[in-house]
Structure formats: structure tokens, C-alpha cells
Amino acid sequence: MSDSGGESSNIDELTVGVFAPYTGAFAPWGESVTTGSVLAKQDLEEEFDISIELREYDTETDPSTALERVRRAVTSDGIDFAHGGISSAVCTSMGSWASDNGVSYIAQGASDTITGSECAEHMFSVYQSNTMMAGAAVPRMVQEADSWYILYSDYVWGQTANEVISARLEENGATVVGSDATPFPGDDYTQYINNVQNSDAEAVALLIPGLDARLAIEQMMNTGLHEELALMVHQFEDLVAWGLGKEAASAVDVGPTGWVSAVDTGEEFKQRVVDEGGTDPFARHYMSYTSLDQQVRAVMRAGSTAAADITAELEGHQIESTVADLQPGTLKWRACDHNLIQPTHVVSGLEPDEMQDEPWKQWFGIDETIPGGDLARSCEETGCQL
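What you see is a predicted model; the values in this text were computed from it and never measured. (Residues numbered from 1 in each chain as written. Predicted model: local features only at pLDDT ≥ 70, side-chain atom pairs only at ≥ 80, totals over all residues. Heavy atoms only, no water.)

A. Representation of the state of the cysteines within the structure. Within this structure, the stated rule accounts for two disulfides. Across the disulfide from Cys119 sits Cys384; the S-S distance is 2.1 Å. Taking the sign of the S-S torsion, about 110° here, the bridge from Cys119 to Cys384 comes out right-handed. Here Cys119 is found in the loop between β4 (104-107) and β5 (123-125), whereas its partner Cys384 is found in the segment after α13 (379-382), with 265 residues between them in sequence. Cys384 carries the same exposure label as Cys119, and that label is buried. Residue Cys91 stays outside any disulfide, its sulfur separated by 15 Å from that of Cys119, the closest cysteine. A residue is classified by how much of its surface remains accessible, and Cys91, at 0% relative accessible area, is buried. (Disulfide = S-S within 2.5 Å. Helix = DSSP H or I, 4+ residues; strand = E, 2+ residues; numbered from the N terminus. Buried < 20%, exposed > 50% of the residue type's maximum accessible area, 1.4 Å probe, protein only.)

Put into C-alpha cells, the structure is as follows:
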């Protein structure tokens, strides 16, 4: 199936809801959702000779706020479809309502619940699931250490990540000597870091997102713990380390991630991110670009903005558009759970003198890239009833 639009498509205007945390716990991530969307809009308008209006909505990283705004976007503002979200709790809240009300939505959260038993008919997930990232990271984790202490954010993303990573570590012969659920958002990780120090763990896994991950790493570095223990940061995104500096970046021993600027593809895209957004490229730029690209192409193939028609075009679709040039390997929307099956990367921090700052930051090297098909749960395991 081609990624180009149908020859007879009569679509010439689209209005898209872009949902991002412009304030709140993920605020530094917000503009990346905008930038990725703008770049996709530019390419799609040129290719299809259409007009795409992007309407931005601040989720504030709050499920209730996000729900109110997606309702307004659909009922008052007349958006044709939506994407974004970042927080898995936000994505689930928005996506369930959108799907129930006949609106296509592509989520950017990674919790297994998005494509699990709570899956929604017209919601898709562009980010690798916790299961996929755990499957990529755990073999490397057991090479780094035999015993691990896990700190995880106490909401759906952190909870599901803790479950799958703990189980995978033990299946691979490692020991989880302790785990603590930490508040999200939080501002003081001292007591949890003390628990790690007082344990016999050889390594610590931070299943903590956004600015909270940055704060936890900073407080851990203040104790010198990063010099004693191996460090894994789950669903790692470069922006966390950029706010801390090169020493913090070099302390990351294992970081499973959906996309990173070290991939040996998409050099033009990376430079466009810098030029358009004034920031360095990281995972969220790629995820947002992919989300808009894929929904618009589905609309053009279907000649319709109806959620059922977009869903029919995406289910089982293998990506052949410019997105395929940004990520190595095969990318395919799985019909059974609407997850984008794609490669997952395991990165680690380079030595500070090896890190690149120009033309964009590249502080991490890819240690391994695993095909998504080797990592995804079976359709039966998801519990999804699509």
C-alpha cells in the first residue's frame, strides 16, 4: 500500500489538533511537538497541495485538563483529528474520549495500557511501548549489573514500566533488591536515593519521566552515587541530560529510546529541526512529525477525515513515506493493537570529549538497535480487542 494519496481525493483543507504540555511537568517538551508538526505540515502541503491548519492546545500534563481541551477542540473548534499528549495518562484520557466520539487520535505515550486491554478503536500509539523498550534494555542491563534498585513514578507509565522491567530482569537472572514508587510530579528524591545507597544494589534504574528524571539524576549526582552504580534511564530522551550537562550525560549506562539524533539517517530533518525550532533534535520531534505525516496520508488515501476511514487506512500499513528515511528498519502499524512497530535503540552516554555540540547536540551513542518485531508483545498478550 502506497503512502501517497488517492488520485481522486477531494481533500484540500485540514484542521489538526496538536496537544502538548506547554506548561507543567513536561513543559520543555511542548515546543518539540509543535516543531515536528510544523515540519510535517510543510512537507505535506507541498506534496499534496493542501492547506493544513495546526491548532495548539496545552494539556498542562493533566488528564482532566487535556480531556476538557480535546472536547473543546472537537465540539467547538472543529478539528478533523488530533495527535500528541506525551504523558501516558493524558494520552489515555484524550484518546479514549476522541475514539468514543469518532475522532482519530495518535498518542505519544509509551505505557502498555495505551495498546493494552484499554485500547480504543480509533487511537494509535506512535511511541514504542514499555514492553518493547524493556525488551531492548534488559539484556544490556544484566550485562552492567546483577542487582538493581528501581525508582519509578507512581502513575500508569511508571507502574507498567516497573512491572515489565522487574519481571524481565528476574527472567534474565538479575535480582531486583528493592523498588520505590515516587510521586509524580515530585521535587525531592532524597529519601529514595538514600534507600538505594543503603541497599546492596549494584545499579539503579530510573523509571521517571521528564523534568522529574532530570531532578532525580541531579540529586543522585550530588551524592556521588552515579560514580558507584550503573545507571539506567527508561524511555530515555536527550533533553533530560541537556539540562544537566555532559557529566550527567556520560553517567547514563543504559537508555532505551524511540529515536535519537545518533541514528545514521535523516540528516536533513535534524538540521530542519534546528532551523525551525531553534533546538536540538530528539525523539519528540520525530514522533510528532510521524504522527501528522501518517494521519494526513491516511486521510488522502481514504479521501475522508472520518475516524473509521483513517483507522482502516492505518491498520496494517507499512510506512513508505519520508518517515521511513528517518528511522532505520521496518515501520508498520499493527492492526491488532494500533502500535507502531519500529526499531528501538539502546544508547549510552559518550565521554564528554567525544560529545558533539554542532550542528546539533549528539551526546549519546547507539549501542544496539533492535527491530520492533523482535520486541513487541504478541497480540494475545496485549489483551486488546480491536
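Having put the structure on the table, let's press on.
B. Representation of the packing of aromatic side chains within the structure. By the definition in use, this model includes 13 aromatic pairs. Taking 5.6 Å as the distance between ring centres and 90° as the angle between the ring planes, the aromatic pair formed by Phe124 and Trp333 counts as edge-to-face. Of this pair, Phe124 sits in strand β5 while Trp333 sits in strand β11 (residues 332-333), and the two are 209 residues apart along the sequence. Of the residues examined, Trp333 reaches a relative accessible area of 0% and is grouped as buried. Put simply, the rings of Phe26, Trp29, Tyr155, Trp157, Phe184, Trp242 and Phe282 touch in pairs and so form one group of aromatic residues. (Phe/Tyr/Trp six-rings, centres within 6.5 Å; stacked < 30°, edge-to-face > 60°.)

C. Fine view of helix α12 (residues 307-314). Among all positions of α12, only Ala307, Ile310, Thr311, Glu313 and Leu314 are buried. One face of α12 carries all of its buried residues, which in axial projection span an arc of 165°. In this structure, the buried residues of α12 make contact with β3 (81-84), β4, β5, α11 (283-302) and β11. Directly beyond the C-terminal end of α12, a positive phi value near 75° is found at Gly316. (Arc of directions from axis to C-beta. Contact = heavy atoms within 4.5 Å.)

D. Looking closely at the pairing of strand β2 (residues 51-58). Note that strand β1 (residues 13-20) and β2 share eight bridges and pair parallel. Opposite Ala20, over in β2, you have Asp58 as the bridge partner. What joins β1 to β2 is helix α1 (residues 30-48), and the crossover it makes is right-handed. (Pairing = 2+ DSSP bridges. Right-handed = clockwise from strand over helix to strand, strands pointing away.)

E. Structural view of the sheet that holds strand β13 (residues 344-349). The three strands are arranged β10-β13-β14 in an open sheet whose pairing can be described as antiparallel. In this open sheet, the two strands that pair with only one neighbour each are β10 (255-257) and β14 (364-370). Going across the sheet, the axis of each strand differs from the next one's by a mean of 30°, ignoring polarity. (Axes fitted to C-alpha atoms, helices over the stretch in contact; angles between N-to-C directions.)

F. Expanded view of the environment of Val252. Following the sequence through the fold, Val252 ends up in the loop between α9 (246-250) and β10. Sequence separation of Val252 and Ala241 is eleven residues, and the distance between their C-alpha atoms is 9.0 Å. Sequence-distant contacts of Val252, that is, excluding residues within four places in its chain, are made with Leu231, Val233, Phe236, Ser348, Gly349 and Phe364.

G. Quick look at the pattern of salt bridges. Under the definition given, this model contains 18 salt bridges. For Asp367, the salt bridge goes to Arg140, with nearest N and O atoms at 2.6 Å. Highlighted residues: Asp367 in strand β14 and Arg140 in helix α4 (residues 130-144), separated in sequence by 227 residues. Residue classification places Asp367 among the partly exposed positions, given a relative accessible area of 38%. The salt bridge involving Glu237 is made with Arg284; its shortest N-O contact spans 3.0 Å. In this pair, Glu237 is assigned in the loop between β9 (230-233) and α8 (239-242) and Arg284 in helix α11, connecting sequence segments 47 residues apart. Here Glu237 and Arg284 have matching classes, each one buried. (Salt bridge = Lys/Arg side-chain N within 4 Å of Asp/Glu carboxyl O.)

H. Quick peek at the side chain of Asp238. Following the sequence through the fold, Asp238 ends up in the loop between β9 and α8. Arg284 is the oppositely charged side chain nearest to the buried, salt-bridge-free Asp238, at an N-O distance of 9.8 Å. Sequence-distant contacts of Asp238, defined by excluding residues within four places in its chain, comprise Val260, Ser261, Phe282 and Phe364. (Lys, Arg positive; Asp, Glu negative; His and termini not counted.)

I. Representation of the nonpolar core in the model. Counting 80 residues, the largest nonpolar core has Phe81, Leu151, Leu206, Leu231, Val296, Trp333 and Phe364 as its most contacted members. By residue number, the principal contributor to this core is α11, which donates nine residues. Ranked by size, the runner-up nonpolar core spans 26 residues in total, among them Val138, Ile150, Ala230 and Ile370. (Core = buried A, V, L, I, M, F, W, Y, C linked by side-chain atoms within 4.5 Å.)

J. Layout of the pairing of β1. With respect to burial, β1 is a largely interior element, seven of its eight residues being buried. The sheet contact formed by β1 and β3 spans four bridges and is parallel. By the bridge assignment, Gly17 is partnered in β3 with Ala82.

K. View of helix α5 (residues 156-171). In a regular helix each residue adds 1.5 Å, so 16 residues correspond to 22 Å; α5 covers 23 Å between its end C-alpha atoms and thus fits that length. Along α5, the residues that are buried comprise Trp157, Gly158, Thr160, Ala161, Asn162, Val164, Ile165, Ser166 and Leu169. On its buried side, α5 packs onto α3 (88-100), α4, β6 (147-153), β7 (175-182), β8 (203-207) and β9. Following α5 by one or two positions, Gly173 has its phi on the positive side, about 90°. (Expected span 1.5 Å × (residues − 1).)

Worth remembering: the numbers are spatial, not functional.
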